[in-house]
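Here are the chains, one letter per residue:
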Amino acid sequence: MLNLLRWFVFSIAVLAMNFPVIVTMITSFKSARELSLNPGFWIGEPTLENYTRVLGETDRFNIYGYLFNSTIASLIGTGLAIALAFPAAYAIARSEAGKRTLLPLIINLRAVPLIIFAIPLYMMYQWLGLLDTQLGLGLILTIVNTPLALVILVNAISEVPSELDEAAKMDGASSWQVMLMIIRPVVRPALVTTFIFGFITAWNEFLFGLMLTTSRAVPMTVGASFFFAASGGGVQWGTASAVMVLGALPPALLGLLMYRQISASLTAGAVKG
Amino acid sequence: MAIVNRAEGRAYLTPLVGFLLFFLGFPAAVNLVYSISTVSFETLRSPSLSGLGNYAAVLADREFWGAVSFSMRFGVLTALAECLIGLFLAVFLTPLLAKRSYLMAPLMLPLMVAPAMIGLMYRLVLHEFAGPVPYYLFEWFGDSPAFLDVDNAFRTLLVVEILQWTPFAFLLFYMAYAAIPLEVREAASLDGASALKALWWIELPLMLPTLVIAFFIRFIDGFRVFDNVYALTGSGAGGSTTSLSIYIYQAFFKGGAIGKAVAASVVLFLASLAVLYGLNWITGRGRR
């Protein structure tokens, strides 16, 4: 009996929390004619016309461009964050350097509203010519990703027994070699998690995409909002829904594939950080 | 003997530190200088120092205090609701989820979707002609409120934020609840404690640090909210949904008031430092 109640609560929670996603998916399979008659949950005549329009007509809004920009910027933002955080995490885990001040400082960075840096960054980007570039957006995403990457990697490297390093050093390996050839393969799962989580975070970022890009480097989150800028005939809800489904798909798929690792690192980041 | 000596350690840290100094340290310095200067888009490179005028202008601005109030209420109410619902779900659903971990996936899905996208999706969900919520409310009750007008926008946004981020609180509590050692639970039931008593007197106190941390994380995220609010209502009718982040964004991009926007940024920075200091103080005490 109690178990039945648990299933009931679970179903309500899943439906309520995923409600906008479910509605958007349903709407994306409705024709404009059907939507005007039936905005409910039932699909009378499922159609793919919204998707063919979004993927076919690319003269005004180019969804391939947004997806491409998001991919490149997120790859830069995640790859660079790991490249910077991994050696730093190694140093923090294996020596005294940075443990006292740098680590807490960077962890606390996660709680600082990044908008306070947005205005000077905007002006800096203007001078450097980084406005509206994928590289510029990727560099900001690096900052967004660095704190959690550092926490996850410091935790992972600290758990590797240091006898492993010492044995390699006895054999004459430099610490650089130890880091790349001993530590890196051992903590590979943590590196993968960091990458997946960072990629999702970067893909879903909105504020800096909105401020720092205008046309050439617009990411998917910002591009999706263009489809809502009513032009003449109002919003094409079917088309807009298809855009949102396609734009939300990459992080959602990654997340669903890796939800175990992600939940573990989320909690590690929160509790130890 | 440290495996990485001091000099090597510094070398490994240098790229990260350099990067952060360039992308955050320099902007922070610019913020401080501009916040005490008269500056416009024409005089970006030669700001003239003018004292605390920008701060006075910000602190005298009713819209600024409106934004502070919005962010404060939004942060506290969403964090509270997310923690309460998340805690209930974690405790109540654990028997169900412990054996079937795949059920976690649909509960975590909202965390994978961009808040900005969620905001856009609610534009559809709540739209008076195309949205299912007003449609069914009309079908069943013959009336539907205007979810995004001045009176209701705040409540609507609360619900939007809470539904997306309750899974985060839930996840933290679920892990903390599962981490309570089995012996503790057995000892409690041997002593004849009922499940409710054990929860209140033993399990919740053990989860307290996680509760505090989850509340603060959610409060900070709610306080600095931008994406979903901006995508759903913008600054809202009559500025009714202007969060502090949106205030800064508007002052800079719409108003061109650089000095004011930057001064507001510094105020926000100081406020977040105070919150962080408070959090570290509380959790530090808890650990001792």
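Since the model is a prediction, treat every value here as computed from it, not as a measurement.

All names here are of chain B. Per the domain assignment, the segments of chain B are domain 1 (14-51) and domain 2 (63-287). Here the C-alpha centre of domain 2 lies 32 Å away from the C-alpha centre of domain 1. Listed by partner, the interface residues are 9 residues for domain 1 and 7 residues for domain 2. Looking at which element gives the most residues to the side of domain 1 that touches domain 2, the answer is helix α1 (residues 6-35), with 4 residues. For the side of domain 1 that touches domain 2, a count of residues per class yields 4 nonpolar, 5 polar and no charged.

Residue-level contacts link 79 residues of chain B with 74 residues of chain A. Ranked by residues supplied to the side of chain B that touches chain A, first place goes to α1 of chain B with 16 residues. Taken together, the residues that form the side of chain B that touches chain A break down as 64 nonpolar, 9 polar and 6 charged.

What follows covers the confidence of the model for chain B. Residues with a pLDDT of 70 or more make up 95% of chain B, whose mean pLDDT is 87. When pLDDT is averaged over each helix and strand of chain B, the minimum, 72, is found for strand β2 (residues 48-49) of chain B and the maximum, 95, for helix α5 (residues 115-125) of chain B.

Residue and element names in this part refer to chain A. The geometry of helix α6 (residues 102-109) relative to helix α8 (residues 134-158) is characterised by a closest axis approach of 7 Å and an angle of 130° between their N-to-C directions. As the angle between them shows, α6 and α8 are arranged oblique. Seen from above, α6 lies across α8 with left-handed handedness. For the pair formed by α6 and α8, the contact residues are Leu103, Ile106, Ile107 and Leu109 on the first element and Thr146, Pro147, Leu150, Val151 and Val154 on the second. In the contact of α6 with α8, the residues fall into 8 nonpolar, 1 polar and no charged.

Parameters at a glance
- Think of each chain on its own: its residues are numbered from 1, step by step along the sequence as written.
- For naming, the first written chain is A and the first written ligand is 1, with later ones following in the order written.
- Totals for whole chains, interfaces and linings use all residues, but because this is a predicted model, local features are given only for residues with pLDDT of at least 70 and pairs of side-chain atoms are given and counted only at 80 or more.
- The source of the domain bounds is an automatic or database domain assignment.
- What counts as a contact is two residues whose backbone-derived C-beta atoms lie within 7 Å of each other.
- Counting from the N terminus, the helices are DSSP H or I runs at least four residues long and the strands are E runs at least two residues long.
- Three classes are used: nonpolar for Ala, Val, Leu, Ile, Met, Phe, Trp, Tyr, Cys and Pro, charged for Asp, Glu, Lys and Arg, and polar for all others, with Gly counted as polar.
- As a per-residue quantity, pLDDT reports the predictor's confidence and falls between 0 and 100.
- Lines fitted to C-alpha atoms define the axes here, with helix axes fitted over just the stretch in contact, and angles between the N-to-C directions of these axes take values from 0 to 180 degrees.
- When describing relative orientation, an angle under 35 degrees is termed roughly parallel and one over 145 degrees roughly antiparallel, while 65 to 115 degrees is termed roughly perpendicular and anything else oblique.
- By definition, any crossing whose near helix is turned counterclockwise from its far helix by less than a right angle is left-handed, and any crossing with a clockwise turn is right-handed.

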